[in-house]
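Topology and contacts: notes
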Amino acid sequence: MSKQANTPKSLDTLFIKTYGCQMNEYDSTRMADMMKEAYGLRLVAAPADADVILMNTCSIREKSEEKVYSELGRYKKLKDKRPDMIIGVGGCVGQQEGERIQQRAPYVDIVFGPQTYHRLPEMVKEIRRDRVCLTEVDMPEIEKFDHLPKAKSHGFVDCVTIMEGCDKFCTFCVVPYTRGPELSRPVADILEECTQLLAGDALEISLLGQNVNAYRGIGPDGDEWDFTMLLYAVAELEGLKRLRFSTSHPMEMTSELCVAFGEIPQLMPYLHLPVQSGSDQILKAMHRGHDREHYFRIIDELRQHCPDLALSSDFIVGYPGETDADFEATLDLIRRVGYDTAYCFKYSPRPGTPAGKSADDVPTEVKDARLQQLFTLMREQTRSAMESSVGKTVDVLVEKNSRDEGDMQGRTSDFKIVHFKGNPRQIGQIMPVRITEAYGQSLRGELVLTGE
Ligand code: 5AD
Ligand code: SF4
């Protein structure tokens, strides 16, 4: 599709709008690094100030496509005034919708998927040269990481993608279609990226993947390494104080990984292990590959090695065919496990998924009522998890000034937010804090002075 010619002005500024998961956050950071290296683009906080606007989208739940189109409508008004502006739509909606985006919004210059964003500088060059619209949504082997600039530490907590994609095909989920099959990066590349981050400001590293514990990458010895082997290797890196990972699948929780929670001192006692439902019928219908007893056994094994492990999970209410009894089984599972936090969602049919073909037969009012019940139960559980910390002295990685004057904010190793009276000089340090008070979602404490 060609466009009218006019001389392109120089590109100076970039705005990225990110939706969705931590991996999208990571991808947006890498896009910004790459566009800085290629074009010297500087990130700006408002789309009106940008020469290039990129949307990094998410299609996991309902209305995501509509959200993208309505945001694009706002960008169109900016582009009408400044036709040289470049607009790109990336991420999972880009992957899913492909050329349909430019059919509906012809002012969009680039559509790209999660596996092709490393080609952005090249695509921008082509657009400026040939004035064409481009769609790049193929899924090449994991070549992307070979083309990205070297990772830079962006703070004390940094993320590293170790694998992408998903082969599990849960019936409700678009991820296997938008992110593609499970592909793991080589161990040496991951260790190198972590080492670079640790040479900067990083103290804590979060290993990312749609199914991190399905990691199977080539080791430096030429053998295939699993996730637990990788964890032990990352933990050995100099300067690493804390290590965590997300997201894990129950079917990939090996005994070795449970043992690692007791053995690796840097591994934070926090695990996000989504179960989605507590009903055996629904777990089966979702193709999760395990029943509730299997999940309970994993939790028991984990707690055997790490008694203070904080757990979180994702839950879906109103999956097709979910009865009151199924939902009760979910409440029962939550009571038996005891979570620190949970992310609870109403089921929404997604295009192209097997469940999307069945009738979405749980009425909206029922979904709403179940969601409220989950929220109520989870509020109680979060509160009691917070209260159990009161009186303890915990290590806090100080991340920033808190909103209240004179207060600092950081996280415990089990990922709870703590506020305390402190000093901005403490940012980037791990300090002992005695917890004095628990709130609904966070803690308050006071610094323990170590007598220097
Ligand atoms: N409807 C509702 N929630 C969903 N999730 C994924 N797909 C859907 C859907 N179609 C939730 C799951 C998953 C989390 C990232 O999003 O709970 O773990
Ligand atoms: Fe989606 Fe299931 Fe894969 Fe998670 S494991 S990304 S829910 S298909």
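Here's a quick rundown of the structure. (Residues numbered from 1 in each chain as written. Chains lettered and ligands numbered in written order. Predicted model: local features only at pLDDT ≥ 70, side-chain atom pairs only at ≥ 80, totals over all residues. Heavy atoms only, no water.)

Things to note about the site of ligand 2
Taken together, Cys-166, Lys-168, Phe-169, Cys-170, Phe-172, Cys-173, Val-175, Pro-176, Asn-211, His-249 and Arg-288 make up the full set of residues adjacent to ligand 2. Per-class residue counts for the shell around ligand 2 are 7 nonpolar, 2 polar and 2 charged. (Near = heavy atom within 4 Å. Nonpolar A, V, L, I, M, F, W, Y, C, P; charged D, E, K, R; others polar.)

As for the sheet that holds strand E20 (residues 430–438)
One closed barrel accounts for 5 strands, arranged E17-E18-E19-E21-E20; its pairing is mixed. Going from strand to strand, the sheet's axes swing by 50° on average, the running direction of each strand aside. (Pairing = 2+ DSSP bridges. Helix = DSSP H or I, 4+ residues; strand = E, 2+ residues; numbered from the N terminus. Axes fitted to C-alpha atoms, helices over the stretch in contact; angles between N-to-C directions.)

Observations concerning the state of the cysteines
This structure, assessed with the given rule, holds 0 disulfides. Not engaged in a disulfide, the cysteine Cys-92 finds its nearest cysteine sulfur in Cys-58; these two sulfurs lie 6.3 Å apart. Look at Cys-92 and you get buried, because its relative accessible area is 8%. (Disulfide = S-S within 2.5 Å. Buried < 20%, exposed > 50% of the residue type's maximum accessible area, 1.4 Å probe, protein only.)

Re the environment of Glu-437
For Glu-437, the location among the structural elements is in strand E20. Glu-437 sits in the partly exposed class, given a relative accessible area of 38%. Taking the C-alpha atoms as reference points, Glu-437 and Gly-222, separated by 215 residues in sequence, lie 51 Å from one another. Aside from chain neighbours lying at most four places away, what touches Glu-437 is Val-390, Leu-443 and Arg-444. (Contact = heavy atoms within 4.5 Å.)

So, the layout of surface pockets
Put simply, the second largest pocket is a space of about 660 Å³. As for the second largest pocket, its lining consists of 30 residues, of which Glu-25, Tyr-26, Thr-29, Val-157 and Cys-159 are closest to the centre. Sorting the residues of the lining of the second largest pocket by element identifies strand E1 (13–18), helix H1 (22–39), strand E7 (157–161), helix H8 (187–199), strand E17 (393–401) and strand E18 (407–412) as the ones contributing at least two each. If you tally residues by element for the lining of the second largest pocket, the top one is H1, at 8 residues. Among the residues making up the lining of the second largest pocket, the classes are represented as 11 nonpolar, 8 polar and 11 charged. (1 Å grid on protein atoms, 1.4 Å probe; cavity = no way out; pocket = protein on both sides within 12 Å on 5 of 7 lines; lining within 4 Å. Points joined across faces, edges and corners; volume = space filled by probe spheres on them.)

Thoughts on the pattern of salt bridges
A full pass over the atoms with the stated rule returns 29 salt bridges. Arg-179 is paired through a salt bridge with Asp-27; the nearest N and O atoms lie 3.0 Å apart. In this pair, Arg-179 sits in the loop between helix H7 (175–178) and strand E9 (183–184) while Asp-27 sits in helix H1, placing the two residues 152 residues apart along the sequence. Grouping residues by exposure puts Arg-179 and Asp-27 together as buried. With its nearest N and O atoms 2.6 Å apart, the salt bridge here joins Arg-119 to Glu-136. Placement of Arg-119 in the loop between strand E5 (110–112) and helix H5 (120–130) and of Glu-136 in strand E6 (residues 134–136) is noted, with a sequence separation of 17 residues between them. A network of salt bridges, in which partner residues are shared, links Arg-30, Asp-33, Arg-185 and Glu-193. (Salt bridge = Lys/Arg side-chain N within 4 Å of Asp/Glu carboxyl O.)

Observations regarding the environment of Met-123
Counting through the fold element by element, Met-123 comes out in helix H5. Distance in space between the C-alpha atoms of Met-123 and Val-111 is 9.8 Å, their sequence separation being 12 residues.

Here's the deal with the site of ligand 1
All residues in the neighbourhood of ligand 1 are listed as Ile-60, Arg-61, Phe-172, Gln-276, Asp-314, Ile-316, Phe-345, Lys-346, Tyr-347, Ser-348 and Arg-350. A distance of 3.0 Å separates a nitrogen atom of ligand 1 from a polar atom in the backbone of Phe-172. Take Ser-348: an N or O atom from its main chain is 2.8 Å from a nitrogen atom of ligand 1. For ligand 1, whose free accessible area comes to 400 Å², the fraction covered by protein is 88%. Where the shell around ligand 1 is concerned, the elements lending two or more residues are strand E15 (310–317) and strand E16 (341–346). Of the residues assigned to the shell around ligand 1, the class counts are 5 nonpolar, 2 polar and 4 charged. (Polar contact = N/O pair within 3.5 Å; in protein donor to acceptor, adjacent residues only side chain to side chain. Areas by Shrake-Rupley, 256 points an atom, 1.4 Å probe, with all protein chains shown as cover.)

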